[in-house]
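Listed here are the chains, written in short residue letters.
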There are 2 protein chains.
Amino acid sequence: MARVVRVAHLAVVTDDLEGALAFWRDALGLEVGGIHDVEQEGVRVAFLPVGDSSVEVVLPVREDTGVARYLEKRGPGMHHVCLEVDDLEGLLARLKTHGVQLIHEEPQVSPTGRRYAFVHPKSAGGVLVELYEAPRTGE
Amino acid sequence: MARVVRVAHLAVVTDDLEGALAFWRDALGLEVGGIHDVEQEGVRVAFLPVGDSSVEVVLPVREDTGVARYLEKRGPGMHHVCLEVDDLEGLLARLKTHGVQLIHEEPQVSPTGRRYAFVHPKSAGGVLVELYEAPRTGE
């Protein structure tokens, strides 16, 4: 049975990447695992691993994206929670049988090959939840 | 040097505990580790472990609490992120040297002996962050 295996990341949206890193990196002491631009999504992202999860600080760099509109409307703060699952199709199928509203009915594939889908916050207690399936190795 | 060791939990506030569990437990498939009342804080809490972290669904049961006011103002959704640290005093001291505004300047102790402190979201990129020190054993 498809299951959730860990909290992959917590995504925090910011309009000031250095200001956000002054807290998460400099004050809290998390290490930055990497900073990269995701051009297709119009964001710059800093990953800061913590335990078996990470904090992902997201800076919108274009205005025509969902995350930029979210930032404009709600201000900086939590954006979404990403849960790693071992079987994305299986989990999406179960969510549908429970009447959960999905933003993506089928797995999406990012330009880097990452497979994911978002659940609508209306069906997730007001939380924007991303489901992510780790790449399978050895196949 | 004091450091953050893991995401202890993600706290989600709800006005409908069974409705929230219908998503997190029944649809997503997380197991409920426990449900208990925290009378002093005026909440009922369900813990659902996932990886080395957990989702904590919080139902306010009294109106005169911060979390009840948060729910009334913002609706159901993410409430705070709790990070486990290995040295709470040390980490709070470092946050102060970085000018981080704290809700609790000194460690608080819950009725169950849990040591914690909250960081003000103004200084944490809009995120309400709880710092928690696990009980030390063998002392």
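Values in this document were obtained by computation on a predicted structure and should not be read as measured data. (Residues numbered from 1 in each chain as written. Chains lettered and ligands numbered in written order. Predicted model: local features only at pLDDT ≥ 70, side-chain atom pairs only at ≥ 80, totals over all residues. Heavy atoms only, no water.)

1. Comments concerning the packing of helix H1 (residues 17-27) of chain A against helix H3 (residues 88-97) of chain B
Angle between the axes and distance between the axes are the two parameters that describe a pair of packed helices. Short version of the rule: Note on geometry: axes are lines fitted to C-alpha atoms, helical ones only across the stretch in contact, with angles between N-to-C directions running from 0 to 180 degrees. Only DSSP runs of H or I with at least four residues qualify as helices, and only runs of E with at least two residues qualify as strands; both kinds are numbered from the N terminus onward. Left-handed describes a crossing in which the near helix is turned anticlockwise from the far one by less than a right angle; the clockwise case is right-handed. When checking whether two residues touch, look at their non-hydrogen atoms; a contact exists if any pair is within 4.5 Å. Residues were grouped as follows: Ala, Val, Leu, Ile, Met, Phe, Trp, Tyr, Cys and Pro as nonpolar; Asp, Glu, Lys and Arg as charged; and all remaining residues, including Gly, as polar.
For the pair H1 of chain A and H3 of chain B, interaxial distance at closest approach is 10 Å and the crossing angle is 145 degrees. Handedness of the H1 of chain A/H3 of chain B crossing: right-handed. Mapping the contact onto sequence places Phe-23, Asp-26 and Ala-27 of chain A in H1 of chain A and Leu-91, Arg-94 and Leu-95 of chain B in H3 of chain B. The residue inventory of the contact of H1 of chain A with H3 of chain B, partitioned by class, reads 4 nonpolar, no polar and 2 charged.

2. Focus: the interface of chain B and chain A
Condition: Here the quantity called buried area is the accessible surface, traced with a 1.4 Å probe, that two parts lose on coming together, added over both. Pairing of N or O atoms within 3.5 Å defines a polar contact, subject to two protein rules: one partner must be a possible hydrogen donor and the other a possible acceptor, and residues neighboring in sequence count only if both atoms are side-chain atoms.
Counting residues at the interface gives 37 residues for chain B, matched by 37 residues for chain A. Counting each side, the surface lost to burial between chain B and chain A is near 2,800 Å², with a carbon and sulfur contribution of 74%. Of all residues in chain B, Phe-23, Ala-27 and Leu-28 of chain B give up the largest surface area on contact with chain A, accounting jointly for 19% of the area buried on that side. Applying the counting criterion to the chain B and chain A interface returns 11 residue pairs in polar contact (both at pLDDT 80 or more). Residue assignment for the side of chain B that touches chain A shows that the elements contributing at least two residues are strand E1 (4-13), helix H1 (17-27), strand E5 (77-85), H3 and strand E8 (129-133) of chain B. At 7 residues, E1 of chain B tops the list of elements feeding residues into the side of chain B that touches chain A. A breakdown of the residues in the side of chain B that touches chain A according to their chemical character gives 24 nonpolar, 8 polar and 5 charged.

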